[in-house]
Amino acid sequence: AMVGPLLHVLMSPPARAAVGCQGGSIYFSAHPDDDLIFMSPDLLHDVQENACVRTVYVTAGDAGLGETYWRNREVGTRAAYAEMAGVANSWTASTVSFAGTPVTLQTLTGHPNVSLAYLRLPDGLDGGGSAATGYQSLHRLLVGEISSITTVDGSATYTLDQLSATIVDLVRQSGAVAIRTHDFTTSGGTDDHPAVAQLVHDSTAGYEGGHTIYGYDDYDVASLPANVTGTDLEAKRSAFCTYAESDSEIDSENCPPDAIDEWLQRQVITGSEVRDPTVPTPTWAPVYRWWSATARDWLSVADHVSQPSASQLASQGYTKNPTTQFYASMVGGSGLVAVYRWWHSGDRDWIDVVDGSIPDSRMTSYGYTSKTLSYYAYSASATGRVAVYRWWGAADRDWITLRQGEIADSTMTGWGYTGKTLLGYALTTMPQTDPTYLTLVKKVVNDYGTPAPATSWTLSAAGPTPLSGAGGVPRTAVTAGTYTLSETGTVAGYTNGTTF
C-alpha cells in the first residue's frame with residue numbers, strides 16, 4: 001500500500017479540556033473519508049475560510065483489517081485537511097477528556113482552528129461488526145444487543161449513556177453552532193452511517209447550546225443530479241485522493257475511482273433542525289413551486305429550515321415561482337398525514353406521495369429512491385383549507401403538485417397532464433400563532449469523572465399540560481400558561497438543583 005507523506009507530529013501533554021476555537025461547525029463522520037466524500041464542499045468551504053472546524057471520526061474504519069490499516073487512514077485524513085487548508089501537514093497531538101473519557105485529538109499547527117478527534121470505535125461493517133473486534137458495532141450497542149463497546153486501541157469502553165455524554169461534551173467544548181453528520185431523517189439501516197446519525201441526532205437533542213443540526217445523504221446520492229462542479233469539485237477530488245494515498249483499499253493510482261467520483265460530484269442535505277432554545281422552530285411554512293429546465297421537473301418545497309434552502313435549489317438548476325402555493329404544517333399531529341417526496345433518476349423527477357398510500361417496497365421497485373419528508377397535509381376538508389393534488393405529465397415524464405385552482409384543470413389536461421390524485425388539504429393563509437412548546441432537559445455536572453446518567457433524575461412540569469419524564473421530556477406541544485418545575489431522584493455524591 002502507498003502511504004502518504006510522513007507527518008511532523010508535535011506531542012503535547014494530556015489535556016483535560018479543549019482550548020481555543022469556539023463556534024463554527026462540528027462534523028461527525030462514521031469513518032475516515034465519509035466527511036470528504038459526502039459532507040463536502042460544506043467542509044471544504046469551512047476549512048478554506050478559516051472557520052472553526054472539528055471533525056469527529058466515530059469509528060476507526062478498521063474494516064476488520066487491523067491496526068496498521070486504521071492508523072494509516074488517520075494519517076490520510078490529516079493529509080487531506082492540511083491540503084484543504086493550504087498549510088503544511090504538521091499537527092499537534094493531545095489526549096483530551098470528554099465527559100471523563102480520553103479521546104485522541106489532532107490540531108493543525110498552521111491552521112489551529114481545525115482539529116480532528118478520533119473515537120476509534122470498531123467498524124460495524126454491515127451492522128454486525130467483525131470477528132477481529134469481537135463482533136462489536138455501534139448498531140448493536142444502539143439496539144441493546146451489547147451493553148458496551150471498546151475502542152480498537154483499548155483506550156476506552158463506552159456504555160450507550162457514556163458514549164452519548166461524550167458526543168454532547170465534544171459539541172459543548174467545541175462551542176459549535178452547526179452539527180453536521182449523516183442522514184438522520186430515515187431509519188432502518190444497520191451500518192455505521194445511520195447508526196452514527198441516530199447517535200448524534202438523539203444525543204444532542206437536549207444540548208443546551210443553540211445550534212442547527214444537518215444530515216447528509218450518502219451512497220444513493222449517485223442517482224441525484226450532480227451539483228458539485230468547477231473549482232469546488234477539483235478541490236474535493238484532490239483532498240480525497242490525498243487521503244486515498246494512505247488507504248490501501250483504494251486504488252490511489254487511478255483516483256478517484258469512478259464509483260466514488262459519482263459521490264464526489266454531489267452533496268445533498270436531507271434535513272436540518274434549528275435547535276435554539278430562545279427561538280422556536282416554525283411549525284407552519286409557505287410552499288413554493290420550483291422548476292428545473294434541465295430535468296424538466298416541477299418540485300414543491302416548503303420554505304422551512306428542514307427543507308432544501310433557496311440557494312441549494314438554485315445550485316441544482318431550479319428557479320422559483322414566487323407565488324405561494326399553500327401553507328403546510330411541518331409537524332405531525334391529529335388529522336394530519338405525512339407527504340414525502342421521492343426521486344426517480346431515470347425520469348430525473350421528484351414525486352409527492354402521501355405516506356402509506358403506495359407501499360415503500362412498490363416505490364423502490366418502480367426505481368424511486370431518496371424518500372424525504374416534504375410536509376404534512378390535512379386528511380379532511382374544512383373552512384380555510386384547499387385541496388392539493390398530484391398530476392402526471394407524460395411528455396416531460398414529470399409529476400407536479402398543485403393546489404386546486406392554481407392552474408385550471410382544463411389547462412392541465414390541455415397540456416397533456418393526467419392522473420389527478422388528491423394528496424390532502426392545506427391552509428390558504430398562514431396561521432397567526434404557532435403552538436407553545438416546552439422541553440425539559442437534565443444537565444448533569446461532574447468535574448471529576450463520568451457523569452451519572454441523566455435518567456437517574458425525573459423532571460416534572462406542573463401546569464396546564466403536566467409533563468414528567470426520566471432525564472427530561474423532549475419538545476412537546478403544551479397549553480400556554482404558568483408551569484412549576486421540579487426534579488426528583490437522589491444519587492450519591494450529587495446535589496440536586498434548586499433553580500430551573
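Here the structure is a predicted model, which is why all the values come from computation and not from measurement.

What counts and how
Residues numbered from 1 in each chain as written. Predicted model: local features only at pLDDT ≥ 70, side-chain atom pairs only at ≥ 80, totals over all residues. Heavy atoms only, no water. Helix = DSSP H or I, 4+ residues; strand = E, 2+ residues; numbered from the N terminus. Rg over C-alpha atoms; globule rule 2.2 N^0.38 Å. Buried < 20%, exposed > 50% of the residue type's maximum accessible area, 1.4 Å probe, protein only. Contact = heavy atoms within 4.5 Å. Areas by Shrake-Rupley, 256 points an atom, 1.4 Å probe, with all protein chains shown as cover. Lys, Arg positive; Asp, Glu negative; His and termini not counted. Charge placed at Lys NZ, Arg CZ, Asp CG, Glu CD. Axes fitted to C-alpha atoms, helices over the stretch in contact; angles between N-to-C directions. Parallel < 35°, antiparallel > 145°, perpendicular 65-115°, else oblique. Left-handed = near helix turned anticlockwise from the far one by under 90°. Nonpolar A, V, L, I, M, F, W, Y, C, P; charged D, E, K, R; others polar. Expected span 1.5 Å × (residues − 1).

A. Examining the overall build of the protein chain more closely. Counting its regular elements, the protein chain contains 11 helices and 25 strands. At 24 Å, the protein chain has a C-alpha radius of gyration in line with the 23 Å of a compact globule built from 500 residues. C-alpha extents for the protein chain along the principal axes are approximately 75 × 65 × 40 Å. With 500 residues in all, the protein chain has 51% of them scored as buried. At a minimum sequence separation of 6, the contacts of the protein chain that also span at least 24 residues come to 70%. Roughly 21400 Å² of accessible area belongs to the protein chain as shown, and the carbon and sulfur atoms make up 52% of that amount. Treating the 28 positive side-chain charges of the protein chain as one cloud and the 50 negative ones as another, the clouds have centres 7 Å apart.

B. Inspection of the packing of helix α3 (residues 67–85) against helix α7 (residues 230–244) at higher detail. Packing of α3 against α7 leaves a shortest axis separation of 7 Å and a crossing angle of 150°. For the element pair α3 / α7, the angle class is roughly antiparallel. Seen along the crossing, α3 lies across α7 with a hand that is right-handed. The residues of α7 that touch α3, namely those facing R73, G76, T77, A79, A80, E83 and M84, are S238, A239, T242 and Y243. Of the residues assigned to the contact of α3 with α7, the class counts are 5 nonpolar, 4 polar and 2 charged.

C. Structural context of α7. With 15 residues, α7 should reach 21 Å at 1.5 Å per residue; the first-to-last C-alpha distance of 21 Å fits that figure. Where α7 is buried, its residues meet α1 (34–38), α2 (42–48), α3 and α8 (258–264).

Any functional reading would require information that these geometric values do not contain.
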